[in-house]
Amino acid sequence: MTIPPPPPPPPPLAALPLPTLLPAPALPSFEQTKEEAREILLAGATAPLPWKVRRHQDRVLDRVHDALAGAGKGQRLYVLEIAGPIPRVKIGRSNDPWVRIRQHVAEMNGYQYGLIDAHLTTAVDDLLSITRAEAEAHVGVGKRYKPITREAFRDADFMVASLWADVAIQLHQPLDEDAE
């Protein structure tokens, strides 16, 4: 009995073509998702809001969460850019802006409005100072844009409102006696 010869060895791996790996698609920038979400909302989004709007809102909320991580306690002014049938900017205050902004998002989404951007000021411990700063920001923005409510302004510029909030905080920040 003869033993059959062994089968030929497989070709070396180097001879096999390797699959080409495509680079992962780049995620759209914050500004790109912001413009996409704004266009969808201004065109009249339906309920529930499209995934592109929800994706952008999640990015904004992530930025708010990151800004508050490790930040000190105290009252803050927040400025929200809101797009929808009637675009607006809202200026409010809270000692827990993370919770308050998420409440606003939940409320506005039910009416086909979406969060486009958010800004937080530095914290203030003095209740009188934050009250005065909020009033100052409302008056300043209200001189340039049509108020919808005491805190919301129709077609207002988000950057202008954010600047007013920051300046109002600086004007009404209690003086630190240790700095002198």
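Summarised in this report is the structure supplied together with it.

Along the protein, the regular secondary structure elements total five helices and five strands. Helices (α) and strands (β) of the protein occur, in sequence order from the N terminus, as α-α-β-β-α-β-α-β-β-α. In terms of C-alpha radius of gyration, the protein reaches 26 Å, well past the compact-globule figure of 16 Å for 180 residues. Principal-axis analysis of the C-alpha atoms places the extent of the protein at approximately 105 × 50 × 25 Å. When each of the 180 residues of the protein is scored for burial, the buried share is 36%.

This part covers the pairing of strand β3 (residues 114-120). Counting buried positions along β3 yields seven of seven residues, so the element is predominantly enclosed. For strand β1 (residues 76-83) and β3, the ladder comprises six bridges, and the chain directions are antiparallel. Pairing of A83 across the sheet is with G114, part of β3.

We now examine the packing of aromatic side chains. Under the defined criterion, the tally for this structure stands at zero aromatic pairs. The positively charged end of R63 is found above the aromatic ring belonging to F30, 3.8 Å away from the centroid.

A word on the side chain of Q75. Note that Q75 resides in the loop between α2 (51-68) and β1. Take Q75: its relative accessible area is 16%, and that puts it in the buried class.

In an α-helix, one full turn covers 3.6 residues, which means residues spaced three or four apart are oriented alike. With 13 residues, helix α3 (residues 97-109) should reach 18 Å at 1.5 Å per residue; the first-to-last C-alpha distance of 18 Å fits that figure. Of the residues making up α3, those classed as buried are P97, I101, H104, V105 and M108. Buried residues of α3, viewed axially, fall in a sector of 100°; they line one side.

Bringing α2 into the picture now. Spanning 18 residues, α2 covers 26 Å between terminal C-alpha atoms, matching the ideal 26 Å at 1.5 Å per step. Those residues of α2 not exposed but buried are V53, H56, Q57, V60, L61, V64 and L68. Viewed along the axis of α2, the buried residues span an arc of 140°, placing them on a single side of the element. Facing away from the buried side of α2, by more than 90 degrees, are the exposed residues W51 and D66. Note on α2: the residue one or two positions beyond its end, G70, has a positive phi of about 80°.

Parameters and conventions
- Residues numbered from 1 in each chain as written.
- Predicted model: local features only at pLDDT ≥ 70, side-chain atom pairs only at ≥ 80, totals over all residues.
- Heavy atoms only, no water.
- Helix = DSSP H or I, 4+ residues; strand = E, 2+ residues; numbered from the N terminus.
- Rg over C-alpha atoms; globule rule 2.2 N^0.38 Å.
- Buried < 20%, exposed > 50% of the residue type's maximum accessible area, 1.4 Å probe, protein only.
- Pairing = 2+ DSSP bridges.
- Phe/Tyr/Trp six-rings, centres within 6.5 Å; stacked < 30°, edge-to-face > 60°.
- Lys NZ or Arg CZ within 6 Å of the ring centre and 35° of its normal.
- Expected span 1.5 Å × (residues − 1).
- Arc of directions from axis to C-beta.

Such coordinate-based values are descriptive only and should not be taken to indicate function.
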